[in-house]
Amino acid sequence: MTEVNYDTGNIFAKILRGEIPSHRVYEDKAVVAFMDVMPQGLGHTLVVPKAPSRNLLDANPSTFGPLFAVVQKVAQAVKRAFDADGVTIMQFNEPASGQTVYHLHVHVIPRFDGIPLKPHTGAMEKPEVLARNAEKIRAALAA
Ligand code: AMP
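Residues numbered from 1 in each chain as written. Predicted model: local features only at pLDDT ≥ 70, side-chain atom pairs only at ≥ 80, totals over all residues. Heavy atoms only, no water.

Draft legend 1. Representation of the site of the ligand within the structure. By nearness alone, 18 residues border the ligand, and D36, T100, H105, H107 and H120 come closest of all. One of the side-chain nitrogen or oxygen atoms of H105 is found 2.8 Å away from an oxygen atom of the ligand. The protein chains hide 93% of the 500 Å² of surface that the ligand would expose on its own. A molecule is said to occupy a pocket when more than half its atoms come within 2 Å of that pocket's grid points, and by this definition the ligand occupies the largest pocket. Going through the elements one at a time, α1 (11-16) and β2 (31-35) are the ones with two or more residues in the shell around the ligand. Of the residues forming the shell around the ligand, the biggest block, three residues, is contributed by α1. Its residues assigned to classes, the shell around the ligand shows 10 nonpolar, seven polar and one charged. (Near = heavy atom within 4 Å. Polar contact = N/O pair within 3.5 Å; in protein donor to acceptor, adjacent residues only side chain to side chain. Areas by Shrake-Rupley, 256 points an atom, 1.4 Å probe, with all protein chains shown as cover. 1 Å grid on protein atoms, 1.4 Å probe; cavity = no way out; pocket = protein on both sides within 12 Å on 5 of 7 lines; lining within 4 Å. Sits in = over half its atoms within 2 Å of the grid points. Helix = DSSP H or I, 4+ residues; strand = E, 2+ residues; numbered from the N terminus. Nonpolar A, V, L, I, M, F, W, Y, C, P; charged D, E, K, R; others polar.)

Encoded structure:
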């Protein structure tokens, strides 16, 4: 698999290296999960493999098992944490699809009957709200 188009300066690479802050809810040897700063809904979380790839198209297939095991764990946790009716999983590849950050990631978004998603990369959430939501997800993951 090629990493030729992977930019090590992308924002998630910086988060993974600890160069910029994030509201982390989960970390293991292969995967990190943290709050999306422009949530499309309450509890919008991103699940990110540590291995560098631009998106799903150039990722090593060995990335997907550990990644999606965490996607499921986080989806179950956010559903419990926010008493959601469902969970949307989204993943974008290249600008035409809506991708804006070029390090593979999966969106996990709690859903509530009758409440539509907010726009993709819309308004910034307040840090204290993200911190509070992250704490709820961490508690659900630990339960
Ligand atoms: P995508 O369009 O699938 O590449 O999604 C990138 C996501 O990253 C968007 O939902 C943004 O709101 C989110 N995002 C951008 N910068 C940050 C950041 N510093 N911390 C957390 N999420 C971010």
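Draft legend 2. Expanded view of the packing of helix α2 (residues 64-81) against helix α3 (residues 127-142). Where α2 meets α3, the axes come as close as 8 Å, and the angle between the chain directions of the two elements is 115 degrees. Taken together, the axis directions place α2 and α3 in an arrangement best described as roughly perpendicular. In this structure, α2 crosses over α3, and the sense of that crossing is right-handed. Of α3, the residues touching α2 (which contributes K73, A77, V78, R80 and A81) are K136, I137, A140 and L141. Among the residues making up the contact of α2 with α3, the classes are represented as six nonpolar, no polar and three charged. (Axes fitted to C-alpha atoms, helices over the stretch in contact; angles between N-to-C directions. Parallel < 35°, antiparallel > 145°, perpendicular 65-115°, else oblique. Left-handed = near helix turned anticlockwise from the far one by under 90°. Contact = heavy atoms within 4.5 Å.)

Draft legend 3. Seen up close, the side chain of T88. Counting through the fold element by element, T88 comes out in strand β4 (residues 86-90). Each residue touching T88, except ones within four places of it in the same chain, is listed here: H107, V108, I109 and R111.

Draft legend 4. View of the packing of aromatic side chains. Under the counting rule described, the total for this entry stands at one aromatic pair. Measuring from ring centre to ring centre gives 5.4 Å for F12 and F34, while their planes differ by 75 degrees; the resulting arrangement is edge-to-face. Highlighted residues: F12 in helix α1 and F34 in strand β2, separated in sequence by 22 residues. Under the relative-accessibility criterion, F12 is labelled buried at 7%. (Phe/Tyr/Trp six-rings, centres within 6.5 Å; stacked < 30°, edge-to-face > 60°. Buried < 20%, exposed > 50% of the residue type's maximum accessible area, 1.4 Å probe, protein only.)

Draft legend 5. The arrangement of the environment of R80 in detail. Structurally, R80 can be placed in helix α2. Taking the C-alpha atoms as reference points, R80 and A143, 63 residues apart in sequence, are found 9.9 Å from one another. The residues touching R80, leaving out its near neighbours within four places in the chain, are A140 and L141.

Draft legend 6. Summary view of the sheet that holds β4. Spatially, β1-β2-β3-β5-β4 is the arrangement adopted by the five strands of the open sheet, whose pairing is antiparallel. The sheet is open, and its two edges are formed by β1 (24-27) and β4, each paired on a single side. Going from strand to strand, the sheet's axes swing by 20 degrees on average, the running direction of each strand aside. Sheet strands touched by α3: β1, β2 and β3 (45-49). Its angle to β1, the strand with the most contacts, is close to 35 degrees. (Pairing = 2+ DSSP bridges.)

Draft legend 7. Region of interest: α3. Here α3 is 16 residues long and its end C-alpha atoms lie 22 Å apart, about the 22 Å a rise of 1.5 Å per residue gives. The complete set of buried residues in α3 reads V129, L130, N133, A134, I137 and A140. Projected down its long axis, α3 shows its buried positions confined to an angular sector of 130 degrees, all on one face. In α3, the exposed positions that point more than 90 degrees away from the buried face belong to P127 and A142. Buried residues in α3 make contact with β1, β2, β3 and α2. (Expected span 1.5 Å × (residues − 1). Arc of directions from axis to C-beta.)

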